[in-house]
Amino acid sequence: MVQMLKRPKARYAVITADVIRSRSFSNFRRKRDARLAPLSKTHVAGGLIVSPYAVTVWDEFQGILAAPHLFPRVILDMRRAFFPMELRIAVGLGSVSEPKKSPVNQFAGGQAFERARAAMDRLKGNKTSKYRVLTIVESGDRALDLATNTIYRLQDTLVGEISPKQWETIHWLLRTGSQELAAKRLGVNVSTVSRTLRRAHHWQIEETRQATEEFLLTYL
């Protein structure tokens, strides 16, 4: 009798994001939805998430990524979309039950959700760190967690120093695809765009994101 081998469970990444000091924003729900709805639509259309983001509580939302290595891209998109709001972002890697059903907070569960919740609890409970920690990855793999969380300690520091003007320049660079077109939309010369991107550490942040994605693809 031939014994059938069990197929390994698919591994997903679940992201849970929490808006810091949400009560300080007037009309917070409207502002939250004005950012989250288009981001959700873009990420579904781009194949980054399997279903739209779901608001779980007043200032928290979550989603299931189509593949674990996509979370560095999604994290940066979230931070860009929600600025000037700040986000705590927790990532859990592992299995997910009912990943295709929507809304995810009603139908989905499993290891990745549990790890994302544990990571968010660590973020909210972190009162003694010498610097701000805004991103935590929990995978159940000590080596992977050590590598990715070390990267995010550094990246969060760089992202936290980006000014509104610098975010606007980054936005137009990503939207147009070139410094020349971004300069035209902003009404400045190309050298100003280049200088702004350099001061915002844009290229270091992008290279870090790409390297983290490549590491995850190789490691997982």
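Throughout what follows, the structure given in this document is the object of discussion.

### Considering empty space enclosed by the protein
- A complete count under the given rule lists one cavity of 30 Å³ or more for this structure.
- Considered as a void within the structure, the largest cavity measures approximately 40 Å³ in volume.
- Around the largest cavity, the lining residues are Leu76, Arg80, Ile162, Trp167, Ile170, His202, Ile205 and Glu206.
- Top element by residues in the lining of the largest cavity is helix α9 (residues 202-219). It accounts for three residues.
- Taken together, the residues of the lining of the largest cavity break down into five nonpolar, one polar and two charged.

### Digging into the packing of aromatic side chains
- The final tally for this structure, using the stated rule, is six aromatic pairs.
- Centre to centre, the rings of phenylalanine 61 and phenylalanine 82 are 5.3 Å apart; their planes meet at 15°, and the pair counts as stacked. Separated by 21 residues along the polypeptide, phenylalanine 61 in strand β3 (residues 60-64) and phenylalanine 82 in helix α2 (residues 71-82) bring together distant segments of the chain. Side by side, phenylalanine 61 and phenylalanine 82 carry an identical accessibility label, which is buried.

### Brief notes about the nonpolar core
- Formed by 28 residues in total, the largest nonpolar core has its most connected members in Ile15, Phe71, Met78 and Val91.
- Here this core gets five residues from one element, more than from any other, and that element is α2.
- Apart from residues no more than four positions distant in its own chain, isoleucine 15 is found in contact with Phe61, Gln62, Gly63, Leu65, Phe71, Val74, Ile75, Met78, Ile89, Ala90 and Val91.
- By size, the runner-up hydrophobic cluster in this structure holds eleven residues, among which are Val159, Ala183, Val193 and Leu197.

### Remarks on the pattern of salt bridges
- In this structure the tally under the stated criterion is 14 salt bridges.
- We note a salt bridge from arginine 21 to glutamate 86, for which the minimum N-O separation is 3.5 Å. Placement of arginine 21 in the loop between β1 (12-19) and α1 (28-45) and of glutamate 86 in the loop between α2 and β4 (87-94) is noted, with a sequence separation of 65 residues between them.
- Residue arginine 21 is classed as exposed on the basis of its relative accessible area of 54%.

### Describing the layout of surface pockets
- Counted as a void, the largest pocket has a volume near 500 Å³.
- Together, 14 residues line the largest pocket, and Asp77, Arg80, Ala81, His171 and Leu174 are the ones closest to its centre.
- For the lining of the largest pocket, the secondary-structure elements that each account for two or more residues are α1, α2 and α6 (164-176).
- Counting residues per element, the lining of the largest pocket draws most heavily on α1, which supplies five residues.
- Tallied by class, the residues present in the lining of the largest pocket amount to seven nonpolar, three polar and four charged.
- Taken as a whole, the second largest pocket spans an internal volume of roughly 170 Å³.
- Surrounding the second largest pocket, Arg79, Phe83, Pro84, Met85, Glu86, Leu87, Leu134, Asp156, Val159, Gly160, Ile162 and Trp167 form its lining.

Definitions and limits used
In this numbering scheme, every chain counts its residues from 1 along its sequence in written order. For a predicted model such as this one, the threshold for reporting local features is a pLDDT of at least 70, and the threshold for listing and counting side-chain atom pairs is 80 or more; totals across whole chains, interfaces and linings nevertheless cover every residue. Think of the side-chain values as coming from all heavy atoms in the structure, minus any hydrogens and water. Points on a 1 Å grid, built from protein atoms alone, make a cavity when a 1.4 Å probe fits but cannot get out and make a pocket when they are open with protein on both sides within 12 Å along at least 5 of 7 lines; residues with an atom within 4 Å of a point are the lining residues. Grid points are joined across faces, edges and corners, and a volume is the space filled by probe spheres set on the points. Per the convention used, a helix needs a DSSP run of H or I reaching at least four residues, while a strand needs a run of E reaching at least two, with both numbered from the N terminus. Amino acids outside the nonpolar list (Ala, Val, Leu, Ile, Met, Phe, Trp, Tyr, Cys, Pro) and the charged list (Asp, Glu, Lys, Arg) are all regarded as polar, and Gly is one of them. Stacked, tilted and edge-to-face pairs are distinguished by plane angle, under 30 degrees for stacked and over 60 for edge-to-face with tilted covering the rest, among Phe, Tyr and Trp rings (Trp via its six-membered ring) whose centres lie within 6.5 Å. Buried residues are those whose accessible area, probed at 1.4 Å on protein chains only, stays under 20% of the maximum for their type, while exposed residues exceed 50% and partly exposed ones sit between those limits. Nonpolar cores are built from buried Ala, Val, Leu, Ile, Met, Phe, Trp, Tyr and Cys residues. Side-chain atoms within 4.5 Å join them into one set. Residue contacts are counted whenever heavy atoms from the two residues lie within 4.5 Å of one another. Criterion for a salt bridge: a side-chain nitrogen of Lys or Arg within 4 Å of a carboxyl oxygen of Asp or Glu.

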